Number of protein chains: 2
Amino acid sequence: TLDVSERDAQTSHRTITLPGLINIATYVPNASHVIKGPAELKETTRLFLESGFTYCQLMPRSISGPVITDVASLKAANSVSQDSSYTDFSFTIAGTAHNAHSVTQSASKVTALFLPLRELKNKITAVAELLNQWPTEKQVIAEAKTADLASVLLLTSLQNRSIHITGVSNKEDLALIMTVKAKDPRVTCDVNIYSLFIAQDDYPEAVFLPTKEDQEFFWNNLDSIDAFSVGALPVALANVTGNKVDVGMGIKDSLPLLLAAVEEGKLTIDDIVLRLHDNPAKIFNIPTQDSVVEIDLDYSFRRNKRWSPFNKDMNGGIERVVYNGETLVLSGELVSPGAKGKCIVNPSPASITASAELQ
Amino acid sequence: TLDVSERDAQTSHRTITLPGLINIATYVPNASHVIKGPAELKETTRLFLESGFTYCQLMPRSISGPVITDVASLKAANSVSQDSSYTDFSFTIAGTAHNAHSVTQSASKVTALFLPLRELKNKITAVAELLNQWPTEKQVIAEAKTADLASVLLLTSLQNRSIHITGVSNKEDLALIMTVKAKDPRVTCDVNIYSLFIAQDDYPEAVFLPTKEDQEFFWNNLDSIDAFSVGALPVALANVTGNKVDVGMGIKDSLPLLLAAVEEGKLTIDDIVLRLHDNPAKIFNIPTQDSVVEIDLDYSFRRNKRWSPFNKDMNGGIERVVYNGETLVLSGELVSPGAKGKCIVNPSPASITASAELQ
Ligand SMILES: [Zn+2]
Ligand SMILES: [Zn+2]
Ligand SMILES: [Zn+2]
Ligand SMILES: [Zn+2]
Ligand SMILES: [Zn+2]
Ligand SMILES: [Zn+2]
Ligand SMILES: [Zn+2]
Ligand SMILES: [Zn+2]
């Protein structure tokens, strides 16, 4: 672990101060499981907090399907999250073929409706009904999957509403999104941070990764990528490569990977703040937090507790995370014992203007 | 062959008079092949004329790909069609990944741009460019194929232009089209006549056929089907079932199949005229012809020259086809020797209003 005094003495180390970061696609597969849920959520949000994130939007899904789909499962998730989150957070709720009316009842309690396109495959009428019932001022999230991406973009375009595509993973999908964005800035998207740095070419078995060519397209069209995210991709990669799957994979790698790209001149710090704070807050109407993160750009470390494709020295240490005036993280380690994160959903609707002004 | 006097004597036979029918998806795979083309076109259009059709819009494709894609191939097709068509006709031209600017030069000479989605798969930018270059007042045709249908509908919706989907073959595709039509009546579609009567359940190897369930959805949503068509499906069916493939398959079955549905009360004669004449003319801006078709509803026949899945007695004989005052067909047989059909494309643009008023 980091020694603060030692670091402070190293005057050649550059530090920067950012607002607390927001992860919009947090993977907590047991979010509504009252037995397994609390420990998983604690571990996940602790890792996010120690990585500079002060807000986690939770995805309502596991590998086997949606886990938050109605009043009862949302209530279970709320109970799981009592005193179990180190960051502020929000839930999202998943649409299914037959819950359009019931998810709508929970709209005010979540930040977005998630459309699990695999489960809704070929169910155009169900997706149209979900979009129709869901309040216009509330966000909708869909995963980018070539075949279904166009239908969901078509339906949202017909209904004249916003949509956020999460986990864009190939250039055709991004090109389609770009075409739609050119006409309607309410269409936004994110790319998993791992997808910017590891390619199918490196792990041929991981067909969900972009190819080098896709990645090149991402880097050349960064302006069209509204947000970065840490989602389920690191877990999927560990799975497919036969490595041990742990809770919280890929979280601590994320910011150092982006900071390395800054060093290479491919990205600026502002690009990171825009995509891990400003845009996520606008897109999902997340209230302003009083939070500050201090980062030591030159602190070098090698992590080896969890499997990672980046088994090398990385730069970027979280010196301090301050939330509401209280120091929660010091030298990369949690120093505040309580998991005091709150479920925070903005009661006032997002102004369409705000999201239309993105970038 | 029919004996006119015998038929006239049978006063119990009901006859009806329709305008000359229009087929919007005529399959002539050698349309631009100067050696094989003329005989194929003659045979095809003769069968159409003898079946009550006086206008054929030709598809620019064969099983192996597009056959009319530029000025040169369109010129070849024009030369093929000299004195080789028994009906009036028009060509359509196929878009490719790199002919957006050149097809546009031929726009005034054809009735529509055809987007072969198989060849344009994952080429969103190319399709967007084709749609962007193609004159707004000219029609675009795309084949309905689940994965690509949504993208092409999305792109046309973004460009605020009309599109016609040909050969809808499953209920999900029709449901998607219906959803879009509800917002934009410039989206139109046709179903192959065979698709209304034979199902994948009968020919499991023919995966391009609808299932019985799809068919039920078609019949229940006939209002959303703007046109009927005779396309390449009968040939594809012969192919996949190992039957002999001939030029002109499925043409002579088409009207009798629809007339049988009228007898069953599933359809009216007006429904047929709307979908084989009125709507095709509006959708593709086809000039009015001076043509009349007399049909004997009770004339029974069994056809066995070409393989057909309908190896049974069918009702509906073409008594007479009169074009510009001249009788071209009598008792189901061509009586005018010359192939005097002309390439007829309306020089004046279709009014958007006309197509918006469809149905
Ligand atoms: Zn340092
Ligand atoms: Zn359910
Ligand atoms: Zn409803
Ligand atoms: Zn903030
Ligand atoms: Zn008769
Ligand atoms: Zn070409
Ligand atoms: Zn151009
Ligand atoms: Zn007419």
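Here, the structure is the one placed above.
The notes below deal with the structure included here. Just so we're clear, the structure is a prediction, and the values are computed from it rather than from any experiment.

What counts, and at which threshold
- Residues numbered from 1 in each chain as written.
- Chains lettered and ligands numbered in written order.
- Predicted model: local features only at pLDDT ≥ 70, side-chain atom pairs only at ≥ 80, totals over all residues.
- Heavy atoms only, no water.
- Buried < 20%, exposed > 50% of the residue type's maximum accessible area, 1.4 Å probe, protein only.
- Helix = DSSP H or I, 4+ residues; strand = E, 2+ residues; numbered from the N terminus.
- Pairing = 2+ DSSP bridges.
- Right-handed = clockwise from strand over helix to strand, strands pointing away.
- Least-squares fit on C-alpha atoms with pLDDT ≥ 70 in both.
- Contact = heavy atoms within 4.5 Å.
- Core = buried A, V, L, I, M, F, W, Y, C linked by side-chain atoms within 4.5 Å.
- Buried area = accessible area lost by both parts, 1.4 Å probe.
- Salt bridge = Lys/Arg side-chain N within 4 Å of Asp/Glu carboxyl O.
- Polar contact = N/O pair within 3.5 Å; in protein donor to acceptor, adjacent residues only side chain to side chain.
- Arc of directions from axis to C-beta.
- Axes fitted to C-alpha atoms, helices over the stretch in contact; angles between N-to-C directions.
- Phe/Tyr/Trp six-rings, centres within 6.5 Å; stacked < 30°, edge-to-face > 60°.
- Lys NZ or Arg CZ within 6 Å of the ring centre and 35° of its normal.

Considering the pairing of strand β7 (residues 112–115) of chain A
Residue and element names in this part refer to chain A.
- Burial along β7 is two-sided: the face carrying A112 and F114 and the face carrying L113 and L115 are both buried.
- As paired elements, strand β6 (residues 88–94) and β7 share three bridges and run parallel to each other. Directly across from T92, in β7, lies its bridge partner A112.
- After leaving β6, the chain enters helix α4 (residues 100–105) and then returns to the sheet as β7, a path that is right-handed.
- Bridge count for β7 against strand β8 (residues 139–143) is four bridges, and the pairing is parallel. Looking at the pairing, A112 lines up with Q139 of β8.
- In this fold, the crossover linking β7 to β8 by way of helix α5 (residues 124–133) has right-handed handedness.

Details of the relation of the copies chain A and chain B
- When chain A is fitted onto chain B, the two copies agree to an RMSD of 0.0 Å after a turn of 179° and an axial shift of 0.0 Å. Viewed as a symmetry operation, the transformation between the two copies matches a two-fold axis.
- Interface residue correspondence from chain A to chain B reaches 100%, placing this contact among same-surface, isologous pairings.

Quick look at the sheet that holds strand β12 (residues 291–301) of chain A
- On the basis of which strands lie adjacent, the open sheet formed by five strands has the order β1-β12-β13-β14-β15 (chain A) and antiparallel pairing. A strand with exactly one partner marks an edge of an open sheet, and here the two such strands are β1 (15–19) and β15 (333–334) of chain A.

Some points on the nonpolar core
- Counting residues in hydrophobic clusters, the biggest one holds 190 residues, and the most contacted among them are L115(A), L153(A), I165(A), L115(B), L153(B) and I165(B).
- Leaving out residues up to four positions away in the same chain, L115(A) has contacts with L120(A), V127(A), L130(A), L131(A), V140(A), I141(A), A142(A), E143(A) and V152(A).

Section: the interface of chain A and chain B
- With 18 residues of chain A at the contact, the number on the chain B side is 18 residues.
- Interface area for chain A against chain B, summed over the two sides, is near 1600 Å², with a carbon-plus-sulfur share of 77%.
- Taken together, the connections running from chain A to chain B amount to zero salt bridges.
- If you look at where chain A meets chain B, you find zero residue pairs in polar contact (both at pLDDT 80 or more).

Describing the pairing of strand β14 (residues 326–330) of chain B
All names here are of chain B.
- Bridge count between strand β13 (residues 314–323) and β14: four bridges; the pairing is antiparallel. Following the sheet pairing, V322 is matched in β14 by T327.
- In this structure, the hairpin formed by β13 and β14 is closed by a connection of two residues, where N324 is found at a positive phi of approximately 50°.
- Where β14 meets strand β15 (residues 333–334), two bridges bridge the pair, whose relative direction is antiparallel. Directly across from L330, in β15, lies its bridge partner E333.
- Linking β14 back to β15 in an antiparallel pair, the connection comprises two residues, with S331 at a positive phi of about 50°.

Describing the pattern of salt bridges
- Applying the stated criterion across every chain, the model contains 36 salt bridges over all chains.
- A salt bridge links K340(A) to E326(A), with the nearest nitrogen and oxygen atoms 3.2 Å apart. You can see K340(A) sitting in the loop between β15 and α12 (352–356) and its partner E326(A) sitting in strand β14 (residues 326–330), a full 14 residues away along the chain.
- The class for E326(A) is partly exposed, based on a relative accessible area of 34%.
- The partner of D271(B) in a salt bridge is R275(B), with the nearest N and O atoms 3.4 Å apart. Within this pair, D271(B) and its partner R275(B) are both found in helix α11 (residues 269–283), separated by four residues, close to a single helical turn.
- One network of salt bridges, in which partners are shared, links E43(A), R46(A), E50(A), K252(A) and R306(A).

Some details on helix α8 (residues 212–220) of chain B
Residues and elements named next belong to chain B.
- Within α8, burial applies to D214, Q215, F218 and W219. Mapping the buried residues of α8 onto a view down its axis gives an arc of 135°, with all of them on the same face. In α8, those exposed residues whose orientation departs by more than 90 degrees from the buried face are E216 and N220.
- Looking at the buried side of α8, the elements it contacts are α7 (171–183), β10 (187–192) and α10 (251–263).

Regarding the sheet that holds β6(A)
Residue and element names in this part refer to chain A.
- Strand order in the open sheet formed by eight strands is β2-β3-β6-β7-β8-β9-β10-β11, with parallel pairing between adjacent strands. Each end of this open sheet is capped by a strand with a single partner; those strands are β2 (21–26) and β11 (227–229). Within this sheet the neighbouring strands show an average axis-to-axis angle of 25°, counted without direction.
- As paired elements, β2 and strand β3 (residues 53–58) share four bridges and run parallel to each other. When the sheet's bridge partners are listed, T26 is paired in β3 with L58.
- Contacting β2 and β3, helix α2 (residues 37–50) runs over the sheet at an angle of about 140° to β3.

A look at the packing of aromatic side chains
- Enumeration according to the criterion identifies ten aromatic pairs over all chains in this entry.
- The interplanar angle of 75° and the centroid separation of 5.5 Å between the aromatic rings of F89(B) and F91(B) together place this pair among those described as edge-to-face.
- Relative accessible area serves as the criterion here: at 2%, F89(B) is assigned to the buried category.
- For F91(B), a relative accessible area of 1% puts it in the buried group.
- Centre to centre, the rings of Y194(B) and F310(B) are 5.3 Å apart; their planes meet at 85°, and the pair counts as edge-to-face. Highlighted residues: Y194(B) in the loop between β10 and α8 and F310(B) in the loop between β12 (291–301) and β13, separated in sequence by 116 residues.
- Overall, the relative accessible area of 4% leaves Y194(B) in the buried class.
- Lying across the ring of W219(A), K266(A) places its NZ or CZ 4.3 Å from the centre.

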